[in-house]
Amino acid sequence: MKTEVPGPRSRELMKQLNGIQNAEAVHFFCNYEESRGNYLVDVDGNRMLDLYSQISSIPIGYSHPSLIKLLQQPQNLSTFINRPALGILPPENFAERLKESLLSSKERGHNNVTKEELESCMINQPPGCPDYAMLSFMGGFHGRTMGCLATTHSKAIHKLDIPSLDWPIAPFPRLKYPLEDFVKENQQEEARCLEEVEDLIVKYRKKKKIVAGIIVEPIQSEGGDNHASDDFFRKLRDIARKHGCAFLVDEVQTGGGCTGKFWAHEHWGLDDPADVLTFSKKMMTGGFFHKEEFRPNAPYRIFNTWLGDPSKNLMLAEVIKVIKREDLLNNATHAGKALLTGLLDLQARYPHLISRVRGRGTFCSFDTPNDATRNKLITIARNKGVVLGGCGDRSIRFRPTLIFKDHHAHLFLNIFSDILANFK
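Reference entry: report on the structure contained in this document. Remember, predicted model here, so these are calculated numbers, not experimental data.

A word on the pairing of strand β6 (residues 246–250). Burial of β6 is extensive: five of the five residues sit out of reach of the surface. Residues A246, L248 and D250 line one face of β6 and the alternating positions F247 and V249 line the opposite face, and both faces are buried. With four bridges connecting them, strand β5 (residues 210–216) and β6 associate as parallel partners. In the strand pairing of β6, I215 is matched with L248.

If you walk through the whole model with that rule in mind, you get 27 salt bridges. Between D275 and R237 there is a salt bridge, and its shortest N-O distance comes to 3.2 Å. With D275 in the loop between β6 and β7 (276–279) and R237 in helix α11 (residues 230–242), this residue pair connects regions lying 38 residues apart in the sequence. Of the two residues examined, D275 and R237, each falls in the buried class. For the salt bridge of R374 with D371, the shortest nitrogen-to-oxygen distance reads 2.8 Å.

The subject of this paragraph is the packing of helix α14 (residues 371–383) against helix α15 (residues 406–421). Running from N to C, α14 and α15 cross one another at 125°; their axes reach a closest spacing of 10 Å. With respect to each other, α14 and α15 are oriented oblique. Handedness of the crossing formed by α14 with α15: right-handed. Packed against α14, whose contacting residues are L377, I380 and A381, the element α15 presents F416, I419 and L420 at the interface. Taken together, the residues of the contact of α14 with α15 sort by class into six nonpolar, no polar and no charged.

On to the sheet that holds strand β10 (residues 363–367), then. The strands that make up a sheet are held in pairs by hydrogen bonds between backbone atoms, and each pair lies either parallel or antiparallel. Spatially, β9-β10-β13-β12 is the arrangement adopted by the four strands of the open sheet, whose pairing is antiparallel. Both edges of this open sheet fall to β9 (355–360) and β12 (389–391), since each of them pairs with a single strand only. On average, each strand axis in the sheet is inclined to that of its neighbour by 25°, with strand direction left out of account. Relative to strand β13 (residues 395–397), β10 runs antiparallel, the two being bridged by three bridges. The partner of F366 across the bridge, within β13, is I396. Contacting β9 and β10, helix α13 (residues 328–349) runs over the sheet at an angle of about 175° to β9.

Here we take up the nonpolar core. Of all hydrophobic cores here, the largest spans 45 residues; its most connected members are L135, F137, V197, I214, F232 and L236. Elements represented by at least two residues in this core include exactly α3 (65–72), β3 (132–137), α10 (183–206), β5, α11, β6, β7 and α12 (310–325). If you tally residues by element for this core, the top one is α12, at seven residues. Each residue touching I214, except ones within four places of it in the same chain, is listed here: M134, L135, F137, V197, I201, L236, A240, C245, A246, F247 and L248. In terms of nonpolar packing, the next biggest core, distinct from the first, is built from 29 residues, L353, A381, V386 and F416 among them.

Within this structure, the stated rule accounts for zero disulfides. There is no disulfide at C193, and the cysteine sulfur nearest it, in C245, is 17 Å away. Distance from the sulfur of C364, which forms no disulfide, to the nearest cysteine sulfur (C258) is 10 Å.

This part is about the sheet that holds β6. With mixed pairing, six strands are arranged side by side in an open sheet as β4-β3-β5-β6-β7-β8. On the outer flanks of this sheet lie β4 (169–170) and β8 (287–290), each paired with one strand and no other. In this sheet, β5 lies alongside β3 in parallel orientation, the contact comprising four bridges. Bridge pairing links Y132 to I210 in β5. Running at roughly 160° to β5, α11 makes contact with β3, β5 and β6 of the sheet.

The terminal C-alpha atoms of α11, which comprises 13 residues, lie 19 Å apart, in line with the 18 Å expected from a rise of 1.5 Å per residue. Of the residues making up α11, those classed as buried are D230, F232, F233, L236, R237, I239 and A240. The elements touched by buried residues of α11 are β3, α10, β5, β6 and β9. Following α11 by one or two positions, G244 has its phi on the positive side, about 70°.

The subject of this paragraph is a nonpolar patch on the surface. Together, I88, L89, Y300, F303 and L307 make up a nonpolar patch on the protein surface, roughly 520 Å² of accessible area in all. Position of Y300 among the secondary structure elements: in the loop between β8 and α12.

Here we come to unusual backbone geometry. Note: most peptide bonds trans; most residues except glycine with negative phi. P127 follows P126 through a cis peptide bond whose omega is 5°. Looking at where P127 falls in the secondary structure, it is placed in the loop between α7 (115–121) and β3. Residue Y177 is joined to P178 through a cis peptide bond whose omega torsion reads 0°. In this structure, P178 sits in the loop between β4 and α10. Here the phi dihedral of K208 falls at roughly 65°; this positive angle occurs in a residue that is not glycine. With respect to the helices and strands, the residue K208 is situated in the loop between α10 and β5. Taking relative accessible area as the criterion, K208 reaches 70% and is therefore assigned exposed. Of note in the backbone geometry, D327 takes a positive phi value of approximately 50° without being a glycine.

About the thresholds
- Residues numbered from 1 in each chain as written.
- Predicted model: local features only at pLDDT ≥ 70, side-chain atom pairs only at ≥ 80, totals over all residues.
- Heavy atoms only, no water.
- Buried < 20%, exposed > 50% of the residue type's maximum accessible area, 1.4 Å probe, protein only.
- Helix = DSSP H or I, 4+ residues; strand = E, 2+ residues; numbered from the N terminus.
- Pairing = 2+ DSSP bridges.
- Salt bridge = Lys/Arg side-chain N within 4 Å of Asp/Glu carboxyl O.
- Axes fitted to C-alpha atoms, helices over the stretch in contact; angles between N-to-C directions.
- Parallel < 35°, antiparallel > 145°, perpendicular 65-115°, else oblique.
- Left-handed = near helix turned anticlockwise from the far one by under 90°.
- Contact = heavy atoms within 4.5 Å.
- Nonpolar A, V, L, I, M, F, W, Y, C, P; charged D, E, K, R; others polar.
- Core = buried A, V, L, I, M, F, W, Y, C linked by side-chain atoms within 4.5 Å.
- Disulfide = S-S within 2.5 Å.
- Expected span 1.5 Å × (residues − 1).
- Patch = residues over 30% accessible without salt bridge, like charges linked within 9 Å, V, L, I, M, F, W, Y side chains within 5 Å.
- Areas by Shrake-Rupley, 256 points an atom, 1.4 Å probe, with all protein chains shown as cover.

Structural data, given as structure tokens:
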């Protein structure tokens, strides 16, 4: 570390950017040319162990040699330069590239449309725009566009001043830790939440509003790294099936391997875990998988100019090769165990600063006493060369890359132990 963070160059650039747009969310400016692996370098020359990885979106570290090699191959230049409108003019190798990338990891509406439906949908009225609802959970985060925002309940600042929809919101379990000491209490808490889900579906049906789907994260991320048991999700899946609701699993942050499995929902052990699965971040591109019955029955029902980016599929295919070649799913389990064990030890030593240590793979977190303490710990850690992230009201979350190893965990734990010992 050469300066405090943000350093003088970062502060100068913040001032410049703030003259163009609101830059108050910027932490510091980065030198990505010098960043490597798990280490992020800022514009002031500070080299930091990055346990946040661009909000959980860097899969195999900064400037990975395999991705650099991919970009240097002449046959790939056209893919990066010429971005096609995939819905109407895809490249010759597009289907093949999809099989190598998105399809290597693992019908909406009815066909007979009436004249009334066609006309009423143009003025936002039923039956063309039916009064359907999506059930979501308090603490969930599913995006910032209007429909997604109606299912997002993690931070008020996300929703303030934006019109929304009358859709049901169920409570998400608030588990007590350590789990082994509160088995009965946590079972009762999960049963309470599941009962509320069913009650809401019935209540909205009586209001002539059909709950068409349930959307949930395997681990509520932005809302505070809130976990529930595998049994909770299995029962939630059964409720969705019982009431004819589509089951949408949001793996934007949990997908891609960080929990020790490529998809976090694999931990549930279900043969039929979801009807729709959304992804982004570590997957290099955003999108969704769906069952065949959800396939649109006409062109342009799901459509935009680009519908993705072939260059991202090319990079994802290479990322998946690296994950398999370097056994990075097992690495996430192993390194995550080292990180979680160390956090539990720190919790035992500093219970006034750390509580509710939890995690799956490297997807770990803990609570602090309050927001001010959380933010102060993050700032101190940054100035000691460690990048951490916050979530929820008072949690600190860990989102390292898939190449995060045991020795990186121990390096962090040593630094953070000193921070806690001297915290005032």
